[in-house]
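# Commentary on secondary and tertiary structure
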Amino acid sequence: MTATAAPSVRTAILDCVQVNLAVLADRRHGPGRHLALGARLRFRPEPGPDGLPTVDPSPQEHLRDGAALVGLRPDAVAHRVPADGLRAMAERASVVYAVADSYDMPWLPYAGRARMEHGFLVGAHRDGAEVEDAYDNETAWGPARPGRWTFPWERLPTASFACTLSPVPEYHAPRPELCLDDPAAYVEAYTAHPDRLAALRRLTAETWLLSRARHLHAAYREHLGERLDAQDHLRRWDQLTATAFIAQRRAERGRPVPGALLPELASLLTADREVFAVRPHRP
C-alpha cells in the first residue's frame, strides 16, 4: 500500500462517495477545489431502509451533484460493470470512478463484514488494477485510511456503476446555499420506530453523514473568506455522532442507551438554520 490523496484534500470531512471525487477535483483543478462539495448544505430526508428516513442520496445522484459543484462531468456511465469491464474502461481512460459493495473490497475493513455502496478510483497498471481510495474513517473493524493498492483484476468487485469524469468549461465557484427541511418528522420517525436497534444502527450512519456535511459546508464558507462562528455547533455534532455510536453498541449488548440522543439531534438540526444562515451577497 502507498499513501494517496493530495495533501489539500480534507478526507476526514468527506463521505465515501465524495472523497475520491475530491481527489480528482484537486488533481485536475488545484488545491481547495474539493471544498466546493460543501457549497450546498442539504437536509431533505427521503424514505430509506427499515421504514426510516435517510439523508443519504443514491450514490449516482450524489456523484452527479457533487461533480457539478467542483466543475466535473460524469462521462461514459455504465451500470453493473464486472472486473473485466472496469479493466476495459481503465485501459481507455487514465482513471475510472466506480461504486461497488464495500463487502467485496479487500482494501477496506468492511471486507466480508459490512455492505454499503462505496466509491473508489481504478486505473490500469502493468501488474493489474491500481485501486486508489482516499476514504478516511474509524470503523468497528479498524481504521480505513487513504491508500493505493494493486490487485489482480479478478479481485475487483462488480461496480453498480462506473464512469469517467471530465472538466466542465467556464466553471464558476458555487455560492453557499441552505436547503433545510423541518426536522420534526425525521426525528419522530427515529423516536417512534419499533425496532430500537435497527433505528440506532441507522441513526449512527445518519449522524456521521450529517456531521461531516456540516464540517464540509463550514470549511467551504471559510475557504471563501467568510468568518463563520460554527465551532461550538460543530463540536456538538461530533459529540452527537460519538453518542449515537456508543448508544448502538450498548443496545447491541442489551444495555440502556442515552435518553438525550434524539432531543439533541432535534436541537442541532433546528440550530443549523441560524448557525449557517447565508447572509445577503454583496458584490
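These lines cover the structure that appears in this document, whether it is placed above or below. Nothing here was measured: the structure is a model prediction, and the numbers come from that model.

The subject of this paragraph is the sheet that holds strand β11 (residues 159-167). Here six strands make up an open sheet; going across it, the order is β4-β11-β5-β6-β7-β10 and the pairing antiparallel. Unpaired on one side and paired on the other, β4 (72-81) and β10 (147-151) mark the two borders of the sheet. Across the sheet, the axes of successive neighbouring strands diverge by a mean angle of 30°, strand direction being ignored. In terms of strand pairing, β4 meets β11 through seven bridges, oriented antiparallel. Note on β11: the bridge partner recorded for V81 is A159. Here helix α3 (residues 83-92) sits on the sheet and contacts β4, β5 (96-101), β6 (117-125) and β11; the angle it forms with β4, its principal contact strand, is near 155°.

Take the nonpolar core next. Counting 58 residues, the largest nonpolar core has L21, L86, Y97, F120 and L156 as its most contacted members. Among the elements that line this core, the one with the most residues is helix α1 (residues 18-29), at six residues. Core analysis: the next-biggest nonpolar cluster, separate from the first, contains 25 residues, V187, A218, L261 and L268 among them.

Position of R44 among the secondary structure elements: in the loop between β1 (40-43) and β2 (46-47). Sequence spacing of R44 and L180 is 136 residues, and the spatial spacing of their C-alpha atoms is 6.4 Å. Excluding its chain neighbours within four sequence positions, the residues that come into contact with R44 are C179 and D181.

On to the packing of helix α4 (residues 184-192) against helix α7 (residues 261-275). Packed helix pairs are characterised by how far apart their axes lie and by the angle those axes make with each other. Where α4 meets α7, the axes come as close as 10 Å, and the angle between the chain directions of the two elements is 170°. Classified by the angle between their axes, α4 and α7 sit roughly antiparallel to one another. Across from Y186, V187, Y190 and T191 in α4, the residues of α7 making contact are L262, L265, A266 and L269. Looking at the contact of α4 with α7, its residues break down into seven nonpolar, one polar and no charged.

The next point concerns the packing of aromatic side chains. Under the counting rule described, the total for this entry stands at eight aromatic pairs. When the centroid spacing of 5.2 Å and the interplanar angle of 65° are considered together, the rings of W107 and F120 count as edge-to-face. Of the two residues, W107 is situated in the loop between β5 and β6 and F120 in strand β6; the sequence distance between them amounts to 13 residues. Given the relative accessible area of 9%, W107 is considered buried. Residue F120 is classed as buried on the basis of its relative accessible area of 0%. Here a set of aromatic residues connected by ring pairs shows up, and it is made of W107, F120, W149 and F151. Above the plane of the ring of Y103 lies R115, whose end atom (NZ or CZ) is 3.9 Å from the centre.

Rules used throughout
Residues numbered from 1 in each chain as written. Predicted model: local features only at pLDDT ≥ 70, side-chain atom pairs only at ≥ 80, totals over all residues. Heavy atoms only, no water. Pairing = 2+ DSSP bridges. Helix = DSSP H or I, 4+ residues; strand = E, 2+ residues; numbered from the N terminus. Axes fitted to C-alpha atoms, helices over the stretch in contact; angles between N-to-C directions. Contact = heavy atoms within 4.5 Å. Core = buried A, V, L, I, M, F, W, Y, C linked by side-chain atoms within 4.5 Å. Buried < 20%, exposed > 50% of the residue type's maximum accessible area, 1.4 Å probe, protein only. Parallel < 35°, antiparallel > 145°, perpendicular 65-115°, else oblique. Nonpolar A, V, L, I, M, F, W, Y, C, P; charged D, E, K, R; others polar. Phe/Tyr/Trp six-rings, centres within 6.5 Å; stacked < 30°, edge-to-face > 60°. Lys NZ or Arg CZ within 6 Å of the ring centre and 35° of its normal.

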